[in-house]
Amino acid sequence: MAHSNQQQLNNKQGCSKLTQSMTGFSRAIVTTDSVSVTIEMRSVNNRYLDVQIRSPEILRSQEASWRQKIAKHITRGKVDVYVRTDLSQQTSSLQLDQG
């Protein structure tokens, strides 16, 4: 009976146990002719929001913006973000489009 009451309370508040979890892992890879970008995110339980981002030098100017975007969706937990870029052999440098 207690489980049922908790489930009803969660449903009334618009939340579920699945969306309340702070533990997770995700990986996305985008590849073009000139570059491959891999982003991994890991999160674990934490009392406060703690976002750590590791990215190549060329992308470091974007880290504050990424933190703000993450904070819009996540309020608690330790979140580690890893960004890797791999240039193709034909590409000697990478430029970031600020648009």
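Residues numbered from 1 in each chain as written. Predicted model: local features only at pLDDT ≥ 70, side-chain atom pairs only at ≥ 80, totals over all residues. Heavy atoms only, no water.

### Brief notes about the overall build of the chain
Argument step 1. Within the chain one finds three helices and four strands.
Argument step 2. Ordering the α and β elements of the chain from the N terminus gives α-α-β-β-β-α-β.
Argument step 3. Taking all 99 residues of the chain together, 21% fall into the buried category.
Argument step 4. The contacts of the chain with a sequence gap of at least 6 include a subset with a gap of at least 24, amounting to 65%.
Argument step 5. Just so you have it, the chain exposes about 7800 Å², and 50% of that area is on carbon and sulfur atoms. (Helix = DSSP H or I, 4+ residues; strand = E, 2+ residues; numbered from the N terminus. Buried < 20%, exposed > 50% of the residue type's maximum accessible area, 1.4 Å probe, protein only. Contact = heavy atoms within 4.5 Å. Areas by Shrake-Rupley, 256 points an atom, 1.4 Å probe, with all protein chains shown as cover.)

### Side note on the pairing of strand β3 (residues 49-54)
Argument step 1. Pairing analysis gives six bridges linking β3 to strand β4 (residues 77-87), with the strands arranged parallel. Of the residues in β4, the one forming a bridge with Leu49 is Gly77.
Argument step 2. This β-α-β element, β3 to helix α3 (residues 63-73) to β4, shows left-handed connectivity. (Pairing = 2+ DSSP bridges. Right-handed = clockwise from strand over helix to strand, strands pointing away.)

### Things to note about the confidence of the model for the chain
Argument step 1. Residues with a pLDDT of 70 or more make up 68% of the chain, whose mean pLDDT is 81.
Argument step 2. Taking the mean pLDDT of every element in the chain, the minimum, 48, falls on helix α1 (residues 2-12) and the maximum, 96, on β3. (pLDDT = per-residue confidence, 0-100.)

### Some details on the environment of Arg27
Argument step 1. As for its placement among the helices and strands, Arg27 is situated in strand β1 (residues 24-31).
Argument step 2. What makes Arg27 partly exposed here is its relative accessible area of 48%.
Argument step 3. As for Arg27 and Thr38, which are separated by 11 residues in sequence, their C-alpha atoms are 7.1 Å apart.
Argument step 4. Only 2.8 Å separates the side chain of Arg27 from the side chain of Glu40, close enough to count as a polar contact. (Polar contact = N/O pair within 3.5 Å; in protein donor to acceptor, adjacent residues only side chain to side chain.)

### Considering the pattern of salt bridges
Argument step 1. Considering all chains together, one arrives at six salt bridges under this definition.
Argument step 2. A salt bridge links Glu40 to Arg27, with the nearest nitrogen and oxygen atoms 2.8 Å apart. One end of the pair, Glu40, is in strand β2 (residues 35-44); the other, Arg27, is in strand β1, and 13 residues separate them in sequence.
Argument step 3. Residue Glu40 is classed as buried on the basis of its relative accessible area of 6%.
Argument step 4. The network of salt bridges with common partners includes Arg27, Glu40, Arg42 and Arg84. (Salt bridge = Lys/Arg side-chain N within 4 Å of Asp/Glu carboxyl O.)

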